[in-house]
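Okay, here's what each chain looks like letter by letter:
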Amino acid sequence: MVATALNTSQSEAIFNAAQKLMPGGVNSPVRAFKSVGGQPIVFDRVKGAYAWDVDNNRYIDYIGTWGPAICGHANDEVLEALSEALSKGTSFGAPCALENVLAEMVIDAVPSIEMVRFVNSGTEACLSVQRLMRAYTKRDRLLKFEGCYHGHGDMFLVKAGSGVATLGLPDSPGVPKSVTEHTLTAPYNDLEAVKALFAQYPDEIAGVILEPIVGNSGFILPDPGFLAGLREITQEYGALLVFDEVMTGFRIAYGGVQEKFGITPDLTTLGKIIGGGLPVGAYGGRRDIMEMVAPAGPMYQAGTLSGNPLAMTAGIKTLELLRRPGTYDRLDEITKRLATGMLAIAGETGHEACGGSLSAMFGFFFTAGPVRNYDDAKGCDLEKFSRFHRGMLERGIYLAPSQFEAGFTSLAHTEADIDATLAAARDVMSSL
Ligand code: KE4
């Protein structure tokens with residue numbers, strides 16, 4: 001593959017300095033490109049489907065700040081709403097009507113949510129929801145799936161996905177055994193393994209938490225019947241079913257995977273899109289469970305900036321844009337064009353590949369497949385993925401710098417962007 005000269009001198013200088021100031025030069029590990037190697041790109045600005053680095057190279061961006069930018073980066077209507085809100089202050093630390101507005105939108109949209117609590121990140125949402133699962137059921141064990149990532153809470157850093165998988169840190173140092181010993185894991189899409197764990201611990205499992213479509217081992221869909229099976233098993237054993245829709249919420253459908261697949265969990269976590277690019281997470285679900293949360297009930301959780309007016313404003317405007325008619329048909333169409341094109345080109349250029357897309361989420365693996373779980377994902381050609389990633393970057397296409405991530409499109413991506421991406425993919429794959 002001919003490497004095209006990409007001037008990244010400013011990125012290099014800034015990133016070198018950053019490594020002396022912040023661990024690995026980043027504030028979130030996956031951004032350091034450790035899994036794919038090469039020079040991370042330092043962003044200067046973003047707009048729509050595009051990002052520009054500090055050397056003024058332009059990229060078609062398929063990360064979209066890891067999901068929030070589903071309406072396109074720096075959407076004019078979101079920015080306008082924010083500048084209005086800004087004039088009234090940045091944070092109140094007191095009740096604010098905007099919290100009611102976003103809460104009502106989330107409750108109206110997400111089938112499982114009758115009551116919601118806003119926090120400041122997906123991690124905080126998952127940390128809070130696992131405490132609520134245990135408080136409500138008075139049971140200690142949690143069941144998660146290998147390769148699923150639910151933020152960096154200790155109890156979840158057991159065979160997690162995303163940056164943990166990328167760095168090969170399935171069990172991070174600093175996490176005491178006493179915390180993870182209550183965390184059970186099973187392979188994704190393996191209902192028999194789940195049944196066996198419930199048979200072994202019939203009245204000890206507070207609940208099952210999963211990514212209903214996996215984005216943190218790469219893009220992995222649930223097998224037909226998997227989600228329904230989990231709904232049945234948890235009901236049978238009096239355990240809770242929790243969908244971590246931090247990534248899929250408002251991306252797969254306006255009501256998330258639970259709306260698209262017609263399976264209603266007891267609790268849901270959200271993040272990313274509901275903040276429209278500002279820090280917002282949320283957890284919500286059945287009223288009888290949520291009323292356990294302080295100060296309505298005894299389960300404690302709190303946060304200085306939770307529900308702040310700026311973040312609420314960005315979230316409200318983003319959901320307003322998403323609930324316009326035709327949004328998800330458009331996202332599905334443009335993403336299918338990309339994913340089917342990529343797989344076709346892989347085949348035409350002699351590379352085994354599998355994957356696909358659903359609504360505004362996509363992914364592919366360099367393997368014949370199928371990829372149904374984390375082990376399958378780990379078995380694909382990671383080295384080839386790294387070379388593909390670098391080749392695409394040099395051609396102005398910004399893909400997630402890890403095989404264990406999903407790709408994201410937005411309402412700002414055009415057919416021309418997709419076709420330019422496919423042309424670059426053909427160029428790279430022809431000499432990969
Ligand atoms: P945050 O704390 O990063 O807002 O959310 C944690 C989280 C929880 N649940 C799911 C399903 C998630 O995907 C995430 C975060 N996603 C990663 C991307 N795979 C964030 C990117 C990063 O870690 O920098």
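Residues numbered from 1 in each chain as written. Predicted model: local features only at pLDDT ≥ 70, side-chain atom pairs only at ≥ 80, totals over all residues. Heavy atoms only, no water.

A. Local environment of the nonpolar core. Within the largest apolar cluster, 40 residues are counted, with the highest numbers of intra-cluster contacts made by Leu143, Phe145, Tyr188, Val194, Phe198, Leu210 and Met361. In this structure, Tyr50, Leu393, Ala424 and Ala425 belong to the second largest nonpolar core, which totals 35 residues. (Core = buried A, V, L, I, M, F, W, Y, C linked by side-chain atoms within 4.5 Å. Buried < 20%, exposed > 50% of the residue type's maximum accessible area, 1.4 Å probe, protein only.)

B. Looking closely at the site of the ligand. Of all residues adjacent to the ligand, which total 17 residues, the nearest are Ser28, Thr123, Asn216, Asp244 and Glu405. At a separation of 2.6 Å, an oxygen atom of the ligand approaches a polar side-chain atom of Ser28. Bound to the protein, the ligand loses 87% of the 540 Å² it would expose on its own. Grouping the constituent residues of the shell around the ligand by class yields five nonpolar, eight polar and four charged. (Near = heavy atom within 4 Å. Polar contact = N/O pair within 3.5 Å; in protein donor to acceptor, adjacent residues only side chain to side chain. Areas by Shrake-Rupley, 256 points an atom, 1.4 Å probe, with all protein chains shown as cover. Nonpolar A, V, L, I, M, F, W, Y, C, P; charged D, E, K, R; others polar.)

C. Examining the pattern of salt bridges more closely. On inspection of all chains with the given rule, the structure shows 20 salt bridges. A salt bridge links Glu320 to Lys317, with the shortest nitrogen-to-oxygen separation between them at 3.0 Å. Of the two residues, Glu320 and Lys317 are both situated in helix α11 (residues 309-322); the distance of three residues between them amounts to about one turn of the helix. Relative accessible area serves as the criterion here: at 27%, Glu320 is assigned to the partly exposed category. One salt bridge in this structure joins Lys378 and Asp375, with 3.5 Å as the shortest N-O distance. Within this pair, Lys378 and its partner Asp375 are both found in helix α13 (residues 374-378), separated by three residues, close to a single helical turn. Overall, the relative accessible area of 39% leaves Lys378 in the partly exposed class. Here the salt bridges do not stand alone but share partners, grouping Arg231, Asp266, Arg286 and Asp288 into one network. (Salt bridge = Lys/Arg side-chain N within 4 Å of Asp/Glu carboxyl O. Helix = DSSP H or I, 4+ residues; strand = E, 2+ residues; numbered from the N terminus.)

D. Looking closely at the packing of aromatic side chains. If you walk through the whole model with that rule in mind, you get 14 aromatic pairs. Arranged with centres 5.8 Å apart and planes meeting at 80 degrees, the rings of Phe145 and Tyr188 form a pair that is edge-to-face. Note that Phe145 is positioned in strand β5 (residues 141-145) and Tyr188 in the loop between β6 (183-186) and α7 (191-200), a separation of 43 residues in sequence. Residue class for Phe145 comes out buried when judged on its relative accessible area of 0%. Here Tyr188 falls in the buried class, since its relative accessible area comes to 2%. The structure contains a cluster of three or more aromatic residues connected by ring pairs, namely Phe33, Phe43, Tyr59 and Tyr398. Arg58 extends its terminal NZ or CZ atom over the ring of Tyr50, reaching a point 3.8 Å from the ring centre. Its guanidinium or amino end placed over the ring of Tyr374, Lys378 lies 4.4 Å from that ring's centre, counting from NZ or CZ. (Phe/Tyr/Trp six-rings, centres within 6.5 Å; stacked < 30°, edge-to-face > 60°. Lys NZ or Arg CZ within 6 Å of the ring centre and 35° of its normal.)

E. Local environment of helix α12 (residues 327-348). Here α12 contains 22 residues, and its C-alpha end-to-end distance of 32 Å stays within 8% of the 32 Å for a straight helix at 1.5 Å per residue. Where the residues of α12 are buried, they touch α11, β11 (354-358), β12 (361-365), α14 (382-394) and α15 (415-430). Positive backbone phi, at 80 degrees, marks Gly350, one or two positions downstream of α12. (Expected span 1.5 Å × (residues − 1). Contact = heavy atoms within 4.5 Å.)

F. Region of the structure containing the packing of helix α2 (residues 76-86) against α11. Between α2 and α11, whose axes approach to 9 Å, the crossing angle comes to 150 degrees. Between α2 and α11, the angle is such that the two are roughly antiparallel. Viewed along their axes, α2 and α11 form a crossing whose handedness is right-handed. Each of Glu77, Val78, Ala81, Leu82, Ala85 and Leu86 in α2 lies in contact with α11, whose residues at this interface are Leu310, Thr313, Ala314, Lys317, Thr318 and Leu321. (Axes fitted to C-alpha atoms, helices over the stretch in contact; angles between N-to-C directions. Parallel < 35°, antiparallel > 145°, perpendicular 65-115°, else oblique. Left-handed = near helix turned anticlockwise from the far one by under 90°.)

G. Expanded view of helix α3 (residues 97-109). Its 13 residues place the ends of α3 19 Å apart at the C-alpha level, agreeing with the 18 Å of an ideal helix rising 1.5 Å per residue. All buried positions along α3 are accounted for by Leu102, Ala103, Met105, Val106 and Ala109. Along the axis of α3, the buried residues cluster in a sector spanning 160 degrees; they form a single face. Residues of α3 that are exposed and angled more than 90 degrees away from the buried face: Ala97, Asn100, Glu104 and Asp108. The inward-facing, buried residues of α3 abut β4 (115-119), α9 (256-261), β9 (267-270) and α11. (Arc of directions from axis to C-beta.)

H. Region of the structure containing the pairing of β12. In terms of burial, β12 is largely enclosed, as five of its five residues are buried. Both faces of β12 are covered, namely the face carrying Met361, Gly363 and Phe365 and the face carrying Phe362 and Phe364. Pairing analysis gives five bridges linking β11 to β12, with the strands arranged antiparallel. Directly across from Ser357, in β12, lies its bridge partner Phe362. Taking the residues that link successive antiparallel strands as the turn, the β11-β12 hairpin has two residues, and the phi of Ser359 there is positive, at about 50 degrees. Two strands pair when backbone bridges link them, and β12 and strand β14 (residues 407-408) are joined in this way by two bridges, in the antiparallel orientation. Note on β14: the bridge partner recorded for Phe362 is Gly407. (Pairing = 2+ DSSP bridges.)

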